[in-house]
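Structure assessment
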Amino acid sequence: MGPNLHDVVGRKAGSNPGFNYSPALKASNITWDAAQLDAYLAAPAKHVPGTRMVIAVPDPARRQALIEYLSAP
């Protein structure tokens, strides 16, 4: 299970209350935008070493569709 992703774009990583984020994600100083989401979803552990996220989305078209969905109002 993961945190609620509603309004994730524009939010600081690791800041949604009520979810136990990894110390690495909390300390990452990332604010989620399309470029940050793309890099993270492509290779979470490479983008934020120490993250608990283990699922990558290697297909660029699928990442783009996911980012568009998360960016929709």
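Please refer to the structure higher up on the page.
What comes next concerns the included structure. (Residues numbered from 1 in each chain as written. Predicted model: local features only at pLDDT ≥ 70, side-chain atom pairs only at ≥ 80, totals over all residues. Heavy atoms only, no water.)

Section: unusual backbone geometry
Applicable threshold: What counts as a helix is a DSSP run of H or I of at least four residues, what counts as a strand is a run of E of at least two, and both are numbered from the N terminus. Under the scheme applied here, a residue whose accessible area is under 20% of the maximum for its type counts as buried, over 50% as exposed, and between as partly exposed, the area being computed with a 1.4 Å probe on protein chains only.
One non-glycine residue, Asp 7, lies in the positive phi region at around 60 degrees. Mapped onto the secondary structure, Asp 7 falls in the segment before helix H1 (23-26). Look at Asp 7 and you get exposed, because its relative accessible area is 51%. Its identity as a non-glycine residue notwithstanding, Asn 29 has a phi of 60 degrees, on the positive side. Its location among the elements puts Asn 29 in the loop between H1 and helix H2 (34-42).

Description of the environment of Asp 33
Quick note on the threshold: The term polar contact refers here to a pair of N or O atoms within 3.5 Å; inside protein, the definition further demands a hydrogen-donor-capable atom paired with an acceptor-capable atom, and it admits residues adjacent in sequence only when both atoms are side-chain atoms.
In this structure, Asp 33 sits in the loop between H1 and H2. Since its relative accessible area comes to 36%, Asp 33 is described here as partly exposed. For the pair Asp 33 and Arg 11, spaced 22 residues apart in sequence, the C-alpha separation works out to 8.3 Å. At 2.8 Å, the side chain of Asp 33 forms a polar contact with the backbone nitrogen of Gln 36.

Concerning the side chain of Thr 51
Selection criterion: It only takes one pair of heavy atoms within 4.5 Å for two residues to be counted as in contact.
Along the chain, Thr 51 turns up in the loop between helix H3 (44-47) and helix H4 (60-71). Residue Thr 51 is classed as buried on the basis of its relative accessible area of 14%. A polar contact of 3.3 Å, which involves the side chain of Thr 51, links it to the backbone nitrogen of Met 53. Those residues in contact with Thr 51 that sit more than four places away from it in its chain are Ser 22, Ala 24, Tyr 40, Pro 44 and Ala 45.

Geometric values such as these leave the question of function open.
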